[in-house]
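Residues per chain are reported as follows:
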Amino acid sequence: MKVLVIGSGGREHAICWKLSQSPLLDELYCAPGNPGTSLLADSVPIAADEVHELADFATSLKIDLTVVGPELALTLGIVDEFRLRGLNVFGPRQQAAEIEGSKVFAKQFMERHGIPTAEFEITHDAEEVRRAVKKFDGEYVLKVDGLAAGKGVIIPSDEDELEQAIALFFEGGRFGSSARRVVVEQRLEGEEISLIGLSDGTHLLPLATSKDYKRIGDGDQGPNTGGMGAHSPSGVISEDQAAALHENLGRATLEAMSAENRKFQGVLYLGLMLTEDGPKVLEYNARLGDPEAQALLLRLDDDLLPVLAAGAAGAFEVDRLGFHPGASACLVIANEGYPGKPIAGDSIEGLEEAQAMDGVEIFHAGTKAEDGKIIAASGRVLNVCARGDDLGAALDLAYAAAARIDWPHKAMRTDIGRRVLL
Ligand code: AMP
Ligand code: GLY
């Protein structure tokens, strides 16, 4: 098969890595790709949001299957465009991707279908936000409606921070039209997990559980990021509990989407908070998590290619996926300054040495190849991943590999998985 992967992050490198092991694969392309994917796939210099150009490319090369990594392409309707041209693609259509593309849609959808989530108010201006937060007694979070690369959630700790957030949303222009509406919701307490499944439109194929660490700093301090590390399993629920959540929340979501004529085909990701009152959905994503995908794909034993091809065609041929019984971990190494303005441009040392370690895989994200060197070029730079017999072993190995990699403005968390291991 000829396969095209769309995107340029660690998630897409991991997808290329997994697909490249398939005996069914003949040719692999990645648009636009990164220095890591370029070792496995031909890089196609078309950005992930250039939907028409990508469809032209897939048509001209007679691509058999396209796998869409990032959310922006999905919310722009890449799947609709590909299907219009008779191209096979794994991902939700624009209408279904709205479950991630609009927090307002997602919250109202959950309310309509009795899917447990935090109480909320939809607001449209500064005054409405100020009024709404009063309802939650200081225990609230603010979310911009549209896509914000994991950075659209703000948890103010006092009045000043609330006012700063309001200014950012409604005056700063940083979020553009994404912040035309802001969800104010009750702040929940509990352990977070990522519950991800693949859907062919009707059936759900659960992936193993995983856990993502979203805050920039150790001890879950500081602002939210796209994710600073992940591991699988989550370490906080049993397999039986996970199966029940996939059934009661994942499958329930698919059915409700179908009932609203928004059949969901692709990756359905539920960000859950396990609260004292039971699990609640914090957010939906319409694609694999990054860095969860890196950890999950490292653990996936089965060939991913036939699964995605069958899913794109509308009917899975298997009813479960096999995962390595041990564990996997993924550590994100970023540039200092992220998630604000990263200090970029250093040359990365020790990459080959770390990659050569048994059980270690390194997936590139914000790197650039220049004069034979690999440069730390943007916010999240590398994903250092490892497999082990259990979570502790996978994390130890990933940290040992990450210690061999260095550059002057290297930044990473030192406590991924620690709380779960206690
Ligand atoms: P979201 O994009 O909605 O998943 O939010 C990103 C992150 O913000 C989540 O992973 C949580 O860590 C945090 N968050 C979102 N909603 C809430 C909430 N209602 N209570 C507490 N934390 C939240
Ligand atoms: N790691 C969280 C996300 O991909 O949204």
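Residues numbered from 1 in each chain as written. Chains lettered and ligands numbered in written order. Predicted model: local features only at pLDDT ≥ 70, side-chain atom pairs only at ≥ 80, totals over all residues. Heavy atoms only, no water.

## A short note on the sheet that holds strand 8 (residues 153-154)
As summarised here, the arrangement of the four strands in space is 6-9-7-8, forming an open sheet in which the pairing is antiparallel. Of all strands in the sheet, those bounded by a partner on one side alone are strand 6 (120-123) and strand 8. In terms of strand pairing, strand 7 (residues 140-144) meets strand 8 through two bridges, oriented antiparallel. Looking at strand 8, one finds that lysine 143 is bridged to valine 153. Here helix 6 (residues 103-113) sits on the sheet and contacts strand 6, strand 7 and strand 9 (182-186); the angle it forms with strand 6, its principal contact strand, is near 145 degrees. (Pairing = 2+ DSSP bridges. Helix = DSSP H or I, 4+ residues; strand = E, 2+ residues; numbered from the N terminus. Contact = heavy atoms within 4.5 Å. Axes fitted to C-alpha atoms, helices over the stretch in contact; angles between N-to-C directions.)

## Some remarks on the site of ligand 1
Around ligand 1, 15 residues are found, and the nearest of them are Lys143, Glu185, Leu188, Glu192 and Glu283. Here an oxygen atom of ligand 1 sits 3.4 Å away from a polar atom, N or O, in the main chain of leucine 282. At a separation of 2.8 Å, an oxygen atom of ligand 1 approaches a polar side-chain atom of glutamate 283. Protein coverage of the free-state accessible area of ligand 1, which is 460 Å², stands at 94%. Those elements that place two or more of their residues in the shell around ligand 1 are strand 7, strand 9 and strand 17 (278-285). Considering only residue class, the shell around ligand 1 consists of six nonpolar, two polar and seven charged. (Near = heavy atom within 4 Å. Polar contact = N/O pair within 3.5 Å; in protein donor to acceptor, adjacent residues only side chain to side chain. Areas by Shrake-Rupley, 256 points an atom, 1.4 Å probe, with all protein chains shown as cover. Nonpolar A, V, L, I, M, F, W, Y, C, P; charged D, E, K, R; others polar.)

## Quick notes on the packing of aromatic side chains
Taken as a whole, this structure holds five aromatic pairs when the rule is applied. Consider the rings of tyrosine 29 and phenylalanine 57, whose centres lie 5.6 Å apart with planes at 75 degrees: the pair is edge-to-face. In this pair, tyrosine 29 is assigned in strand 2 (residues 27-32) and phenylalanine 57 in helix 2 (residues 51-60), connecting sequence segments 28 residues apart. Overall, tyrosine 29 belongs to the buried group, its relative accessible area being 11%. Residue phenylalanine 57 is classed as buried on the basis of its relative accessible area of 15%. Three or more aromatic residues link up through ring pairs in this structure, and these residues are Phe105, Phe109 and Tyr284. One cation-aromatic arrangement involves lysine 211 over tyrosine 213; the distance from NZ or CZ to the ring centre is 5.2 Å. (Phe/Tyr/Trp six-rings, centres within 6.5 Å; stacked < 30°, edge-to-face > 60°. Buried < 20%, exposed > 50% of the residue type's maximum accessible area, 1.4 Å probe, protein only. Lys NZ or Arg CZ within 6 Å of the ring centre and 35° of its normal.)

## As for unusual backbone geometry
Here serine 232 and proline 233 are connected by a cis peptide whose omega angle stands at 0 degrees. Mapped onto the secondary structure, proline 233 falls in the loop between strand 15 (229-232) and helix 9 (239-259). The peptide bond linking tyrosine 338 to proline 339 adopts the cis configuration, its omega dihedral lying at 10 degrees. Relative to the helices and strands, proline 339 is located in the loop between strand 18 (327-335) and strand 19 (346-347). We note that lysine 62 has phi near 50 degrees; this positive angle belongs to a residue other than glycine. Locating lysine 62 in the fold gives a position in the loop between helix 2 and strand 4 (65-68).

## Digging into the pattern of salt bridges
Pairing is possible between side chains of opposite charge, provided their charged atoms come close. For the coordinates displayed, the defined rule picks out 28 salt bridges. Glutamate 185 serves as the salt-bridge partner of lysine 107, at 2.8 Å between the closest nitrogen and oxygen. Of this pair, lysine 107 sits in helix 6 while glutamate 185 sits in strand 9, placing them 78 residues apart in sequence. Considered together, lysine 107 and glutamate 185 belong to a single accessibility category, that of buried residues. In this structure, glutamate 283 and lysine 214 form a salt bridge, with 3.9 Å as the shortest nitrogen-oxygen distance. Taken together, the residues glutamate 283 in strand 17 and lysine 214 in the loop between strand 12 (211-212) and strand 13 (215-217) connect sequence positions 69 residues apart. Under the relative-accessibility criterion, glutamate 283 is labelled buried at 16%. Within the structure, one salt-bridge network assembled from shared partners comprises Glu191, Lys211, Asp218, Asp220, Arg413, Asp415 and Arg419. (Salt bridge = Lys/Arg side-chain N within 4 Å of Asp/Glu carboxyl O.)

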